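# Coordinates in review
Below, each chain spelled out in residue letters.
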Amino acid sequence: MAALIFASLMLISSIIATAAYVSSSSLIITELYPNTNTAHDQDEYVAISNPCARSINLEGWSLTDNEGKIIFPQSRIAPGETLYVTKNASAFVEQRCSVTSSPEFEYGTDSDPGVVNMQQAGKAFVLRNSGDETILQDGRGKVVDTVIYGDSSYKGVGWHGMPMKKPREGMILKRKGNVDTDTADDWVILFRGASYHAPETFLASGRVTAFVSPDCSFAILQQEIATAAASLCINLYEFTSPDLQELVFDALNRGVEVQLILDGSPVGGISDDELCIATGIQERGGEVRFSDDPFINHAKYVIIDDKKTILMSENWKRTGVPFDNSFGNRGWGILIQDTEIARYFKAVFAEDFRRASEYATDAELRGCSVTRKVLQGHYVPIFEPLAVNCDFTVIPVLAPDSALCDDTILGMISSAQECVYVQQFSARRVWGEDVSPYIAAIIAAARRGCDVKVLLDSKYLEGENNNDELVSWLNEQAAKDDLCLEARLSDLESLGLAKVHNKGLIVDGDKVLICSLNWNANSVYNREAGVIVENADIAGYYEQVFFHDWDASVGGGRKGGEASTDMKMRVVYLVLTLVIVFVVFRVVKWYKRV
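Residues numbered from 1 in each chain as written. Predicted model: local features only at pLDDT ≥ 70, side-chain atom pairs only at ≥ 80, totals over all residues. Heavy atoms only, no water.

### Some points on the overall build of the protein
- In terms of regular secondary structure, the protein is built from twelve helices and 31 strands.
- Put simply, the protein has 594 residues, and 54% of those count as buried.
- For the protein, the accessible area works out to roughly 25,900 Å², and carbon and sulfur atoms hold 53% of it. (Helix = DSSP H or I, 4+ residues; strand = E, 2+ residues; numbered from the N terminus. Buried < 20%, exposed > 50% of the residue type's maximum accessible area, 1.4 Å probe, protein only. Areas by Shrake-Rupley, 256 points an atom, 1.4 Å probe, with all protein chains shown as cover.)

The structure is reproduced here in structure tokens:
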């Protein structure tokens, strides 16, 4: 009997211990920051979260990279809480000054007496930039969670499949929510201090307006900004248009709240006109901030009165949104009147605005004026805006959050059953050592039997791995494998356009992507914004624009040098023909005399 009681007690004890372990084992690593902007990666950190229903005692728990180990002192992590463990607490706080989180533990140095220093065992615990493993162990040394990235060759408990890609400098590895499949699919690479915004599907019913540049983009923005009553939240890569500036100034004078995010390091630097506009907005009571994320803020959208969202491929420049629509870029834009979609983008905007740096107005720029030259050309506007009241589906697309996930662009292409039409400013076949996932997806669509057409800009063709090389390669693949696939370079002269700056995609005549994202390796790390809209009327509008540009670009698939060479050869052939005809004529005439 005593033995039976003892055995029962042991069984109960084992069950309790097992239950406690199962509960505690659900702690997860949710962030890693190995490749920082500071010397010796002083602000590197690991974040640990508790998705459980009860708090957990961390005493004796540890983090290891299989070389060094850091051990937690007596402490508890509450349900829903996230703890930050950093090499240097002071550097962590300094680098994340615009982010509210603060570290609970440090392990590299005792930089802050108010932050608990962790005990170290073995070698130093270091998150290598090139790749490493980070393993969370409980007090008994059992693996609770494992994360590997880069060139790590770890094959142990807690991870399956390939490592995550190593993050670029200044980017963090962040878990998508609390999902834990022990694979790279659980993770995404984001800006330091940024939240993950998962793609959502919005089933909406209301008014949508499709429009394009240079035909009618200014008219749409003019109308919507002029009728704004409460707020304008504007996120742009560049803003130099004097005409759009005046519309924003008028809104400020009406008492509309204006917040503007601009990129802090655009190609060529921030122009004097843009600084003048930023200064004018702040002088009139608006707020301006410049993004200083490691990658560029390349988005082009505005949220109006928390009810309307306008997303575009175009910057607010003279060629992107031209006042005179006889000259400008080909770009796509869309106005969506839906409060839920506006709320989604407002949350993204608010976070990016919080992280951006405040603009310190230069006293010398007060009262400055923007260049007023109106650009004119020979483009003949064809397309009026299409405004429809309809049922539609919207999936927001954000980079770096969801640009490469299967729920957005890649999923859109993989769903194609009939046709895929691409119009892009910049597309690269090779990203580093790999084929672009977007290019691989459209090739796969062609192999499934879809009609695939790709139209790329032809203005900037210098260097290798550019639009012209991609066009040639795609056409070679089509010929080799007998695919229904054709690629062309845009004929800007025939079209009358400054350039094709679009980043659009149409699938099966009922899904369309309006976005700021170019198809190159850097873009997926930028802040980019767009939407996939599913509605046949809306997609049909952009399809008409696409085929207008496609049909005008029959001869646009050659480099300018090649076209020039062809013209020279034609002249030579003509001259030779005339000479031969003249010689034959003289010979015949002489023969008749004889």
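### Comments concerning the side chain of Asp43
- Relative to the elements of secondary structure, Asp43 occurs in the loop between strand E1 (28-33) and strand E2 (45-49).
- Buried charge without a salt bridge: Asp43, with Arg192 as the nearest opposite-charge side chain at an N-O distance of 5.0 Å.
- Among the polar contacts made by the side chain of Asp43, one reaches the side chain of Thr36 at a distance of 3.0 Å.
- In this structure Asp43 touches Tyr33, Thr36, Thr38, Thr86, Ala91, Phe92 and Gln95, once residues within four positions along its chain are discounted. (Lys, Arg positive; Asp, Glu negative; His and termini not counted. Salt bridge = Lys/Arg side-chain N within 4 Å of Asp/Glu carboxyl O. Polar contact = N/O pair within 3.5 Å; in protein donor to acceptor, adjacent residues only side chain to side chain. Contact = heavy atoms within 4.5 Å.)

### Thoughts on the environment of Thr408
- Structurally, the position occupied by Thr408 is in the loop between strand E23 (386-399) and helix H7 (409-414).
- In sequence terms Thr408 and Thr201 are 207 residues apart; their C-alpha atoms lie 9.9 Å from each other.
- Once residues lying within four places of it in the same chain are set aside, the contact partners of Thr408 are Pro199, Ile395, Pro396, Val397, Ser402, Ala403 and Ile532.
- A distance of 2.6 Å separates the side chain of Thr408 from the backbone oxygen of Ser402, its partner in a polar contact.

### Examining the environment of Leu386
- Relative to the assigned elements, Leu386 resides in strand E23.
- Expressed as a C-alpha distance, the spacing of Leu386 and Ile334, which sit 52 residues apart in the sequence, is 9.6 Å.
- In contact with Leu386, not counting residues within four places along its chain, are Val208, Thr209, Ala210, Asp537 and Tyr541.

### Focus on the pairing of E23
- Here E23 lies mainly inside the structure; ten of its 14 residues are buried.
- Of the pairings in the sheet, the one linking strand E15 (residues 202-213) to E23 comprises nine bridges and is antiparallel in character. Of the residues in E23, the one forming a bridge with Gly206 is Cys390.
- Pairing analysis gives seven bridges linking E23 to strand E31 (residues 528-534), with the strands arranged antiparallel. (Pairing = 2+ DSSP bridges.)

### Focus on the state of the cysteines
- If you walk through the whole model with that rule in mind, you get one disulfide.
- Through a disulfide, Cys276 is tied to Cys368; the S-S separation comes to 2.1 Å. Judged by the torsion about the S-S bond (120°), the Cys276/Cys368 disulfide is right-handed. Of this pair, Cys276 sits in helix H5 (residues 272-283) while Cys368 sits in the loop between strand E22 (357-358) and E23; the two residues are 92 residues apart in sequence, bridging distant segments of the chain.
- Overall, the relative accessible area of 4% leaves Cys276 in the buried class. (Disulfide = S-S within 2.5 Å.)

### Concerning the pattern of salt bridges
- Going through the model one piece at a time under the given rule, you end up with 25 salt bridges.
- With a closest N to O distance of 2.7 Å, Glu31 and Lys174 form a salt bridge. One end of the pair, Glu31, is in strand E1; the other, Lys174, is in strand E13 (residues 171-175), with 143 residues separating them in the sequence. As far as the burial class goes, Glu31 and Lys174 line up, both buried.
- Across the pair Glu358 and Arg289 runs a salt bridge whose closest N-O atoms are separated by 3.4 Å. In this pair, Glu358 sits in strand E22 while Arg289 sits in strand E18 (residues 287-291), placing the two residues 69 residues apart along the sequence.
- In this structure, a network of salt bridges that share partners links the residues Asp293, Glu351, Asp352, Arg355, Asp401 and Arg527.

### Some words on the sheet that holds E2
- The seven strands lie next to each other as E9-E8-E7-E2-E1-E13-E14, forming an open sheet whose pairing is mixed. This sheet does not close on itself; its edge strands, each paired only once, are strand E9 (116-117) and strand E14 (187-191).

### Re helix H4 (residues 242-253)
- Look at H4: 16 Å from first C-alpha to last across twelve residues, which is about the 16 Å you get at 1.5 Å a residue.
- Residues of H4 that are buried: Pro242, Leu244, Gln245, Leu247, Val248, Phe249, Ala251 and Leu252.
- Looking at the buried positions of H4, the neighbouring elements they touch are helix H3 (217-226), strand E16 (231-236), strand E17 (257-263) and H5.
- Positioned one or two residues after H4, Gly255 has a phi angle of 95°, which is positive. (Expected span 1.5 Å × (residues − 1).)

### Things to note about helix H11 (residues 536-551)
- With 16 residues, H11 extends 22 Å from end C-alpha to end C-alpha; this agrees with the ideal 22 Å at 1.5 Å per step.
- One side-chain oxygen of the residue at the start of H11 lies 3.0 Å from the amide nitrogen of Asp537, identifying that residue as Asn535.

### Quick notes on unusual backbone geometry
- Note that the residue after Ser213, namely Pro214, is joined by a cis bond; omega there is 0°.
- When you line up the elements, Pro214 lands in the loop between E15 and H3.
- For the bond from Ala399 to Pro400, the omega torsion is 5°, close enough to zero to count as cis.
- Here Pro400 shows up in the loop between E23 and H7.
- With a phi angle near 55°, Asp305 is a residue other than glycine that sits in the positive phi range.
- With respect to the element layout, Asp305 can be found in the loop between strand E19 (300-304) and strand E20 (308-312).

### Things to note about the packing of H4 against H5
- Between H4 and H5, whose axes approach to 10 Å, the crossing angle comes to 10°. When the interaxial angle is binned, H4 and H5 end up roughly parallel. Taking contact as the criterion, the partners of Gln245, Val248, Phe249 and Leu252 in H4 are, on H5, Ile277, Gly280 and Ile281.
- Taken together, the residues of the contact of H4 with H5 sort by class into five nonpolar, two polar and no charged. (Axes fitted to C-alpha atoms, helices over the stretch in contact; angles between N-to-C directions. Parallel < 35°, antiparallel > 145°, perpendicular 65-115°, else oblique. Nonpolar A, V, L, I, M, F, W, Y, C, P; charged D, E, K, R; others polar.)

### Here's the deal with the pairing of strand E11 (residues 131-137)
- Burial analysis of E11 places seven of its seven residues in the buried class, which makes it a mostly covered element.
- Burial along E11 is two-sided: the residues Gly131, Glu133, Ile135 and Gln137 and Asp132, Thr134 and Leu136 are all buried.
- Examined bridge by bridge, strand E4 (residues 62-64) and E11 share three bridges and lie antiparallel to one another. Its bridge partner lying in E11, Leu63 is registered against Leu136.
- Here seven bridges tie E11 to strand E12 (residues 143-150), and the two strands are oriented antiparallel to one another. Looking at E12, one finds that Asp132 is bridged to Tyr149.
- The turn linking E11 back onto E12 is made up of five residues, and Gly141 within it adopts a positive phi angle of 85°.

Shape is all these values report; function is a separate question.
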